[in-house]
Amino acid sequence: MSEQKSTECFVCRKHRGEVLIPGGTIYEDDLVYGGHAQICEGESTAYLGYLMVETKRHVAGLADLTDIEAQTLGLVVARLSRALKAEKDVEHVYAFVLGDDVAHLHVHVVPRYRGAPHKYRGVRVDEWPDAPRGGPKEIEAICARLRRYLQ
Ligand SMILES: [Zn+2]
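Residues numbered from 1 in each chain as written. Predicted model: local features only at pLDDT ≥ 70, side-chain atom pairs only at ≥ 80, totals over all residues. Heavy atoms only, no water.

Enquirer: Explain the packing of helix α2 (residues 67-85) against helix α3 (residues 136-150) to me, please; I cannot follow it from the model alone.
Expert: Angle between the axes and distance between the axes: these two values describe a pair of packed helices. For the pair α2 and α3, interaxial distance at closest approach is 9 Å and the crossing angle is 120°. In terms of their interaxial angle, α2 and α3 are classed as oblique. Here α2 and α3 pass one another in a crossing that is right-handed. Across the interface between the two elements, R79, L80, R82, A83 and L84 of α2 pack against L146, Y149 and L150 of α3. Residues that form the contact of α2 with α3 fall into these classes: six nonpolar, no polar and two charged. (Axes fitted to C-alpha atoms, helices over the stretch in contact; angles between N-to-C directions. Helix = DSSP H or I, 4+ residues; strand = E, 2+ residues; numbered from the N terminus. Parallel < 35°, antiparallel > 145°, perpendicular 65-115°, else oblique. Left-handed = near helix turned anticlockwise from the far one by under 90°. Contact = heavy atoms within 4.5 Å. Nonpolar A, V, L, I, M, F, W, Y, C, P; charged D, E, K, R; others polar.)

Below, the structure written as structure tokens:
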């Protein structure tokens, strides 16, 4: 997948508006995009507040960023984290860069909700069965709150 072209890249297609994401764009400027993660195929709900912050430029990882992209990305991750922490029962916010399957930098910005058992901490936090999940309507509602918080 590292040879993936930007024309077929899922993230690039999303930024061009070719893929609809529940909740729509939360933040966007010339360098960075932020929005809610999509609902996985075959499922009807998603982990609420699971956000993706991506560079507009098709680059694979943090090491590929220009200084201004890195600064903007960090700022957007921090602001979205603050917005998430303003949500009820969000105790902590994780940021992960994995990128094993998609060669377009995307930072997973993921809230940990109050009461998450220790075994679900870290990258498995969204596997906690009691975590808040929701369909398109709930995702739209949380995105609207996060957008309002950023203003
Ligand atoms: Zn891309």
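Enquirer: Explanation requested: the sheet that holds strand β6 (residues 106-113) in the structure shown.
Expert: The strands that make up a sheet are held in pairs by hydrogen bonds between backbone atoms, and each pair lies either parallel or antiparallel. Strand order in the open sheet formed by five strands is β1-β2-β4-β6-β5, with antiparallel pairing between adjacent strands. On the outer flanks of this sheet lie β1 (25-28) and β5 (90-97), each paired with one strand and no other. Between one strand axis and the next, the sheet turns through 20° on average, direction left out of account. Where β1 lies against strand β2 (residues 32-36), three bridges are found, and the strand directions are antiparallel. Paired with Y27 across the bridge in β2 is G34. Where α2 meets the sheet, its contacts fall on β1, β2, β4 (51-55), β5 and β6, and the angle it forms with β4 comes to roughly 165°. Helix-sheet contacts for α3 involve β1, β2, β4 and β6, and the interaxial angle to β1 is about 30°. (Pairing = 2+ DSSP bridges.)

Enquirer: Sorry if this is basic, but what is going on with the pairing of β4 here?
Expert: Two faces make up the sheet, and in a regular strand the side chains alternate between them. Counting buried residues along β4, five of its five residues qualify, which places the element largely inside the surrounding structure. Of the two faces of β4, the one holding L51, V53 and T55 and the one holding M52 and E54 are both buried throughout. Note: β2 against β4, five bridges, orientation antiparallel. From the neighbouring strand, Y33 faces β4, where its bridge partner is E54. (Buried < 20%, exposed > 50% of the residue type's maximum accessible area, 1.4 Å probe, protein only.)

Enquirer: Help me understand the pattern of salt bridges in this model?
Expert: For side chains bearing opposite charge, pairing can occur when the charged atoms are close. Summed over all chains, the structure comprises twelve salt bridges. One salt bridge connects E69 with R57, and the closest N-O pair in it is separated by 2.6 Å. Linking E69 in helix α2 with R57 in the loop between β4 and α2, this pair joins segments that are twelve residues apart in sequence. Its salt-bridge partner being E127, residue R124 comes within 2.7 Å of it at the nearest N-O pair. Taking the relative accessible area as the measure of exposure, R124 reaches 38% and is therefore partly exposed. Where salt bridges share partners, they join K88, D89, E91, R112 and R114 into one cluster. (Salt bridge = Lys/Arg side-chain N within 4 Å of Asp/Glu carboxyl O.)

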